[in-house]
2 protein chains.
Amino acid sequence: MSEIIELLKTRKLKATPQRLAILEFLNGKTHPTIEEIYEAIKKGFPSISLATIYKNINTLKEMGVVTELNPGGKAKYDINITPHFHGVCQNCGKIVDYFDSAAMEKCKDTLSEAVGEDIKGLNITIDIVCSDCSK
Amino acid sequence: MSEIIELLKTRKLKATPQRLAILEFLNGKTHPTIEEIYEAIKKGFPSISLATIYKNINTLKEMGVVTELNPGGKAKYDINITPHFHGVCQNCGKIVDYFDSAAMEKCKDTLSEAVGEDIKGLNITIDIVCSDCSK
DNA sequence: CTATTTGCAAACCCTTTGCAAAAAT
DNA sequence: ATTTTTGCAAAGGGTTTGCAAATAG
(Lines give C-alpha, C1' and ligand atoms only; values in the text may rest on other atoms or scores of the structure.)
Protein backbone atom coordinates (compact mmCIF):
# COMPACT_ATOMS: atom_id res chain seq x y z
CA MET A 1 0.00 0.00 0.00
CA SER A 2 2.68 2.53 0.91
CA GLU A 3 4.23 2.13 -2.52
CA ILE A 4 0.90 3.30 -3.92
CA ILE A 5 1.05 6.43 -1.77
CA GLU A 6 4.49 7.03 -3.22
CA LEU A 7 3.01 6.59 -6.66
CA LEU A 8 0.35 9.16 -5.82
CA LYS A 9 3.04 11.63 -4.78
CA THR A 10 5.07 11.24 -7.94
CA ARG A 11 1.92 11.89 -9.95
CA LYS A 12 1.03 14.92 -7.87
CA LEU A 13 -2.21 13.31 -6.79
CA LYS A 14 -3.48 14.08 -3.35
CA ALA A 15 -3.85 11.39 -0.74
CA THR A 16 -7.37 12.22 0.35
CA PRO A 17 -9.00 9.99 2.94
CA GLN A 18 -11.64 8.96 0.40
CA ARG A 19 -9.02 7.94 -2.14
CA LEU A 20 -7.07 5.99 0.43
CA ALA A 21 -10.22 4.24 1.58
CA ILE A 22 -10.98 3.20 -1.98
CA LEU A 23 -7.47 1.85 -2.45
CA GLU A 24 -7.62 -0.02 0.79
CA PHE A 25 -10.96 -1.52 -0.12
CA LEU A 26 -9.73 -2.57 -3.56
CA ASN A 27 -6.78 -4.19 -1.91
CA GLY A 28 -9.25 -6.67 -0.42
CA LYS A 29 -9.22 -8.26 -3.91
CA THR A 30 -12.95 -8.80 -4.22
CA HIS A 31 -13.26 -7.40 -7.76
CA PRO A 32 -16.05 -5.06 -6.78
CA THR A 33 -18.36 -3.09 -9.03
CA ILE A 34 -18.57 0.69 -8.70
CA GLU A 35 -21.74 0.31 -6.72
CA GLU A 36 -20.11 -2.12 -4.32
CA ILE A 37 -17.19 0.23 -3.78
CA TYR A 38 -19.63 3.05 -3.17
CA GLU A 39 -21.62 1.10 -0.61
CA ALA A 40 -18.47 -0.01 1.19
CA ILE A 41 -16.86 3.42 1.37
CA LYS A 42 -20.11 5.03 2.45
CA LYS A 43 -19.85 3.20 5.74
CA GLY A 44 -16.81 5.29 6.65
CA PHE A 45 -17.73 8.39 4.64
CA PRO A 46 -21.51 8.70 4.68
CA SER A 47 -21.49 11.81 2.52
CA ILE A 48 -19.30 10.45 -0.26
CA SER A 49 -20.83 10.69 -3.70
CA LEU A 50 -20.88 8.19 -6.52
CA ALA A 51 -19.14 10.75 -8.72
CA THR A 52 -16.17 10.67 -6.38
CA ILE A 53 -15.91 6.92 -6.78
CA TYR A 54 -16.05 7.22 -10.54
CA LYS A 55 -13.47 9.98 -10.66
CA ASN A 56 -11.07 8.09 -8.44
CA ILE A 57 -11.45 4.83 -10.28
CA ASN A 58 -10.79 6.62 -13.54
CA THR A 59 -7.62 8.24 -12.32
CA LEU A 60 -6.48 4.94 -10.84
CA LYS A 61 -7.12 3.28 -14.19
CA GLU A 62 -5.04 5.92 -15.94
CA MET A 63 -2.28 5.37 -13.38
CA GLY A 64 -2.38 1.68 -14.15
CA VAL A 65 -3.03 0.87 -10.50
CA VAL A 66 -6.43 -0.60 -11.26
CA THR A 67 -7.61 -2.82 -14.09
CA GLU A 68 -11.15 -2.91 -15.36
CA LEU A 69 -12.68 -6.29 -16.06
CA ASN A 70 -15.93 -6.61 -17.98
CA PRO A 71 -17.28 -10.11 -17.62
CA GLY A 72 -20.78 -10.12 -19.04
CA GLY A 73 -20.61 -6.38 -19.64
CA LYS A 74 -20.45 -5.52 -15.95
CA ALA A 75 -17.45 -3.42 -14.97
CA LYS A 76 -15.46 -4.76 -12.05
CA TYR A 77 -12.20 -3.49 -10.68
CA ASP A 78 -9.03 -5.27 -9.83
CA ILE A 79 -6.02 -3.81 -8.04
CA ASN A 80 -3.74 -6.78 -8.54
CA ILE A 81 -0.23 -6.11 -9.66
CA THR A 82 0.85 -9.74 -9.63
CA PRO A 83 0.21 -11.48 -12.96
CA HIS A 84 -2.78 -13.74 -12.67
CA PHE A 85 -5.80 -14.94 -14.55
CA HIS A 86 -9.48 -15.05 -13.78
CA GLY A 87 -12.24 -17.55 -13.40
CA VAL A 88 -15.79 -16.26 -13.82
CA CYS A 89 -18.45 -18.29 -12.10
CA GLN A 90 -21.15 -19.15 -14.60
CA ASN A 91 -23.68 -19.27 -11.83
CA CYS A 92 -23.10 -16.24 -9.63
CA GLY A 93 -20.72 -14.13 -11.73
CA LYS A 94 -18.05 -14.02 -9.05
CA ILE A 95 -14.44 -13.61 -10.18
CA VAL A 96 -11.79 -15.90 -8.76
CA ASP A 97 -8.06 -15.22 -9.05
CA TYR A 98 -5.49 -17.81 -10.06
CA PHE A 99 -1.89 -16.89 -9.45
CA ASP A 100 -0.03 -19.60 -11.34
CA SER A 101 2.35 -17.45 -13.36
CA ALA A 102 4.20 -20.46 -14.73
CA ALA A 103 1.01 -21.68 -16.38
CA MET A 104 0.43 -18.20 -17.80
CA GLU A 105 3.90 -18.07 -19.29
CA LYS A 106 3.39 -21.44 -20.84
CA CYS A 107 0.14 -20.27 -22.45
CA LYS A 108 1.80 -17.13 -23.65
CA ASP A 109 4.52 -19.14 -25.35
CA THR A 110 1.99 -21.46 -26.95
CA LEU A 111 -0.02 -18.53 -28.25
CA SER A 112 2.98 -16.53 -29.48
CA GLU A 113 3.95 -19.49 -31.55
CA ALA A 114 0.41 -19.91 -32.83
CA VAL A 115 -0.05 -16.31 -33.93
CA GLY A 116 3.52 -15.67 -35.03
CA GLU A 117 3.26 -12.17 -33.67
CA ASP A 118 4.45 -10.16 -30.76
CA ILE A 119 2.01 -10.45 -27.89
CA LYS A 120 1.81 -7.29 -25.78
CA GLY A 121 -0.34 -8.75 -23.08
CA LEU A 122 -2.44 -11.72 -22.25
CA ASN A 123 -5.86 -11.96 -20.69
CA ILE A 124 -7.09 -15.37 -19.74
CA THR A 125 -10.53 -15.99 -18.38
CA ILE A 126 -11.88 -19.40 -17.66
CA ASP A 127 -15.51 -20.22 -17.16
CA ILE A 128 -16.01 -22.11 -13.94
CA VAL A 129 -18.59 -22.91 -11.33
CA CYS A 130 -17.16 -21.57 -8.12
CA SER A 131 -16.86 -23.63 -4.95
CA ASP A 132 -19.80 -21.89 -3.29
CA CYS A 133 -22.09 -22.57 -6.24
CA SER A 134 -21.04 -26.17 -6.79
CA LYS A 135 -22.14 -27.13 -3.30
CA MET B 1 -26.49 -19.99 -42.29
CA SER B 2 -29.28 -22.44 -43.15
CA GLU B 3 -28.57 -24.35 -39.98
CA ILE B 4 -29.32 -21.14 -38.11
CA ILE B 5 -32.70 -20.87 -39.83
CA GLU B 6 -33.35 -24.42 -38.67
CA LEU B 7 -32.37 -23.36 -35.19
CA LEU B 8 -34.86 -20.50 -35.39
CA LYS B 9 -37.61 -22.93 -36.36
CA THR B 10 -36.94 -25.31 -33.51
CA ARG B 11 -37.13 -22.36 -31.12
CA LYS B 12 -40.33 -21.10 -32.67
CA LEU B 13 -38.67 -17.84 -33.57
CA LYS B 14 -39.82 -16.15 -36.75
CA ALA B 15 -37.46 -15.63 -39.61
CA THR B 16 -38.21 -12.01 -40.24
CA PRO B 17 -36.24 -10.21 -42.94
CA GLN B 18 -34.71 -7.93 -40.30
CA ARG B 19 -33.55 -10.86 -38.20
CA LEU B 20 -32.08 -12.63 -41.20
CA ALA B 21 -30.29 -9.47 -42.26
CA ILE B 22 -28.74 -9.17 -38.80
CA LEU B 23 -27.59 -12.78 -38.88
CA GLU B 24 -26.16 -12.38 -42.34
CA PHE B 25 -24.33 -9.23 -41.31
CA LEU B 26 -22.92 -10.89 -38.20
CA ASN B 27 -21.74 -13.72 -40.34
CA GLY B 28 -19.31 -11.26 -41.90
CA LYS B 29 -17.28 -11.76 -38.71
CA THR B 30 -16.44 -8.14 -38.09
CA HIS B 31 -17.31 -8.12 -34.36
CA PRO B 32 -19.57 -5.12 -34.72
CA THR B 33 -21.08 -2.97 -32.01
CA ILE B 34 -24.85 -2.53 -31.78
CA GLU B 35 -24.52 0.84 -33.48
CA GLU B 36 -22.55 -0.66 -36.34
CA ILE B 37 -25.15 -3.39 -36.83
CA TYR B 38 -27.86 -0.74 -36.81
CA GLU B 39 -26.12 1.42 -39.41
CA ALA B 40 -25.49 -1.58 -41.64
CA ILE B 41 -29.02 -2.97 -41.51
CA LYS B 42 -30.52 0.46 -42.03
CA LYS B 43 -29.17 0.45 -45.55
CA GLY B 44 -31.56 -2.35 -46.47
CA PHE B 45 -34.29 -1.46 -43.94
CA PRO B 46 -34.34 2.31 -43.58
CA SER B 47 -37.13 2.24 -41.01
CA ILE B 48 -35.57 -0.33 -38.67
CA SER B 49 -35.25 0.83 -35.11
CA LEU B 50 -32.39 0.44 -32.65
CA ALA B 51 -34.76 -1.38 -30.31
CA THR B 52 -35.21 -4.10 -32.91
CA ILE B 53 -31.47 -4.60 -33.09
CA TYR B 54 -31.24 -4.85 -29.31
CA LYS B 55 -34.15 -7.27 -29.07
CA ASN B 56 -32.74 -9.51 -31.75
CA ILE B 57 -29.24 -9.53 -30.36
CA ASN B 58 -30.61 -10.42 -26.96
CA THR B 59 -32.61 -13.36 -28.25
CA LEU B 60 -29.61 -14.51 -30.29
CA LYS B 61 -27.48 -14.33 -27.16
CA GLU B 62 -30.00 -16.45 -25.28
CA MET B 63 -30.00 -18.95 -28.14
CA GLY B 64 -26.23 -19.12 -27.89
CA VAL B 65 -25.86 -18.13 -31.53
CA VAL B 66 -24.08 -14.93 -30.65
CA THR B 67 -21.42 -14.19 -28.07
CA GLU B 68 -20.92 -10.83 -26.47
CA LEU B 69 -17.38 -9.55 -26.12
CA ASN B 70 -16.60 -6.58 -23.90
CA PRO B 71 -13.08 -5.39 -24.59
CA GLY B 72 -12.65 -2.10 -22.78
CA GLY B 73 -16.28 -2.15 -21.74
CA LYS B 74 -17.59 -1.80 -25.29
CA ALA B 75 -20.01 -4.56 -26.28
CA LYS B 76 -19.22 -6.26 -29.56
CA TYR B 77 -20.89 -9.30 -31.05
CA ASP B 78 -19.44 -12.45 -32.48
CA ILE B 79 -21.34 -15.15 -34.34
CA ASN B 80 -18.48 -17.61 -34.52
CA ILE B 81 -19.21 -21.20 -33.77
CA THR B 82 -15.66 -22.40 -34.40
CA PRO B 83 -13.47 -22.26 -31.30
CA HIS B 84 -11.08 -19.37 -31.56
CA PHE B 85 -9.47 -16.67 -29.52
CA HIS B 86 -9.21 -12.94 -29.89
CA GLY B 87 -6.61 -10.28 -30.28
CA VAL B 88 -7.57 -6.76 -29.29
CA CYS B 89 -5.57 -4.02 -30.97
CA GLN B 90 -4.24 -1.67 -28.32
CA ASN B 91 -4.27 1.13 -30.81
CA CYS B 92 -7.59 0.98 -32.66
CA GLY B 93 -9.59 -1.50 -30.57
CA LYS B 94 -10.23 -3.83 -33.49
CA ILE B 95 -10.74 -7.50 -32.70
CA VAL B 96 -8.81 -10.10 -34.68
CA ASP B 97 -9.71 -13.79 -34.73
CA TYR B 98 -7.20 -16.59 -34.35
CA PHE B 99 -8.41 -20.05 -35.24
CA ASP B 100 -5.61 -22.24 -33.91
CA SER B 101 -7.65 -24.73 -31.92
CA ALA B 102 -4.63 -26.88 -31.16
CA ALA B 103 -3.04 -23.97 -29.32
CA MET B 104 -6.27 -23.39 -27.43
CA GLU B 105 -6.45 -27.01 -26.35
CA LYS B 106 -2.89 -26.85 -25.18
CA CYS B 107 -3.65 -23.78 -23.08
CA LYS B 108 -6.74 -25.40 -21.70
CA ASP B 109 -4.73 -28.41 -20.59
CA THR B 110 -2.09 -26.22 -19.02
CA LEU B 111 -4.70 -24.25 -17.13
CA SER B 112 -6.75 -27.25 -16.04
CA GLU B 113 -3.64 -28.63 -14.46
CA ALA B 114 -2.86 -25.30 -12.82
CA VAL B 115 -6.28 -24.81 -11.27
CA GLY B 116 -7.03 -28.45 -10.55
CA GLU B 117 -10.63 -27.84 -11.41
CA ASP B 118 -13.04 -28.54 -14.17
CA ILE B 119 -12.92 -25.78 -16.76
CA LYS B 120 -16.27 -25.17 -18.41
CA GLY B 121 -14.97 -22.77 -21.01
CA LEU B 122 -11.97 -20.74 -21.94
CA ASN B 123 -11.71 -17.17 -23.10
CA ILE B 124 -8.35 -16.01 -24.30
CA THR B 125 -7.67 -12.48 -25.33
CA ILE B 126 -4.26 -11.24 -26.33
CA ASP B 127 -3.27 -7.61 -26.55
CA ILE B 128 -1.73 -6.87 -29.90
CA VAL B 129 -1.07 -4.05 -32.29
CA CYS B 130 -2.89 -5.03 -35.45
CA SER B 131 -1.24 -5.07 -38.87
CA ASP B 132 -2.95 -1.86 -39.96
CA CYS B 133 -1.76 0.03 -36.90
CA SER B 134 1.79 -1.28 -36.91
CA LYS B 135 2.41 0.17 -40.38
C1' DC C 1 -56.18 -16.68 -37.05
C1' DT C 2 -52.70 -16.48 -33.42
C1' DA C 3 -48.37 -15.45 -31.68
C1' DT C 4 -44.43 -13.02 -32.49
C1' DT C 5 -42.06 -9.02 -34.00
C1' DT C 6 -41.52 -4.43 -35.33
C1' DG C 7 -41.02 0.54 -34.53
C1' DC C 8 -41.82 4.40 -31.78
C1' DA C 9 -41.44 6.97 -27.56
C1' DA C 10 -40.72 7.01 -22.94
C1' DA C 11 -38.36 5.20 -19.18
C1' DC C 12 -34.16 3.53 -17.07
C1' DC C 13 -30.03 2.56 -16.04
C1' DC C 14 -24.88 3.86 -15.59
C1' DT C 15 -21.38 7.27 -16.23
C1' DT C 16 -19.66 11.86 -17.01
C1' DT C 17 -19.59 16.87 -16.51
C1' DG C 18 -19.81 21.67 -14.49
C1' DC C 19 -19.29 24.17 -10.69
C1' DA C 20 -18.76 26.12 -6.04
C1' DA C 21 -17.10 24.80 -1.48
C1' DA C 22 -13.68 22.12 1.05
C1' DA C 23 -9.36 20.02 1.71
C1' DA C 24 -4.47 18.79 0.67
C1' DT C 25 0.17 20.19 -0.26
C1' DA D 1 -1.60 30.35 -1.59
C1' DT D 2 -2.28 27.20 -5.12
C1' DT D 3 -4.14 23.22 -7.03
C1' DT D 4 -6.68 19.25 -6.58
C1' DT D 5 -10.66 17.01 -4.94
C1' DT D 6 -15.12 16.58 -3.19
C1' DG D 7 -20.16 16.47 -3.50
C1' DC D 8 -24.16 17.88 -5.64
C1' DA D 9 -27.22 18.23 -9.43
C1' DA D 10 -27.79 18.17 -14.18
C1' DA D 11 -26.63 16.26 -18.52
C1' DG D 12 -25.33 12.46 -21.51
C1' DG D 13 -25.18 7.90 -23.70
C1' DG D 14 -26.51 3.31 -24.07
C1' DT D 15 -30.11 -0.16 -23.24
C1' DT D 16 -34.67 -1.70 -22.04
C1' DT D 17 -39.69 -1.48 -21.85
C1' DG D 18 -44.72 -0.77 -23.06
C1' DC D 19 -47.78 -0.76 -26.46
C1' DA D 20 -50.32 -0.56 -30.87
C1' DA D 21 -49.77 -1.81 -35.68
C1' DA D 22 -47.70 -5.02 -38.87
C1' DT D 23 -46.15 -9.51 -40.18
C1' DA D 24 -44.84 -14.57 -40.13
C1' DG D 25 -46.37 -19.12 -39.56
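One can find the structure itself at the top, above this paragraph.
Since this is a predicted model, take the numbers as computed values, not measurements.

### Overview of the sheet that holds strand E3 (residues 85-89) of chain A
Then, number 1: The strand order across the open sheet formed by 6 strands is E4(A)-E3(A)-E5(A)-E5(B)-E3(B)-E4(B), and the pairing between neighbours is mixed. In this open sheet, the two edge strands, each paired with only one partner strand, are strand E4 (95-98) of chain A together with strand E4 (95-98) of chain B. Shown here is a sheet whose adjacent strand axes are inclined to one another by a mean of 25 degrees, direction ignored.
Then, number 2: Pairing of strand E5 (residues 121-128) of chain A with strand E5 (residues 121-128) of chain B, which is carried by 7 bridges, proceeds in the antiparallel orientation. Its bridge partner lying in E5(B), A:Gly121 is registered against B:Asp127.

### Focus on unusual backbone geometry
Residue and element names in this part refer to chain B.
Then, number 1: Within the chain, Lys12 stands out as a residue other than glycine whose phi angle is a positive 60 degrees.
Then, number 2: Mapped onto the fold, Lys12 is located in the loop between helix H1 (2-10) and helix H2 (17-26).
Then, number 3: Exposure remark for Lys12: the relative accessible area of 75% places this residue in the exposed category.
Then, number 4: One non-glycine residue with positive phi stands out, namely Lys29, at about 60 degrees.
Then, number 5: When you line up the elements, Lys29 lands in the loop between H2 and helix H3 (34-44).
Then, number 6: On the basis of relative accessibility, which here comes to 37%, the residue Lys29 falls in the partly exposed class.

Analysis parameters
- Residues numbered from 1 in each chain as written.
- Chains lettered and ligands numbered in written order.
- Predicted model: local features only at pLDDT ≥ 70, side-chain atom pairs only at ≥ 80, totals over all residues.
- Heavy atoms only, no water.
- Pairing = 2+ DSSP bridges.
- Helix = DSSP H or I, 4+ residues; strand = E, 2+ residues; numbered from the N terminus.
- Axes fitted to C-alpha atoms, helices over the stretch in contact; angles between N-to-C directions.
- Buried < 20%, exposed > 50% of the residue type's maximum accessible area, 1.4 Å probe, protein only.

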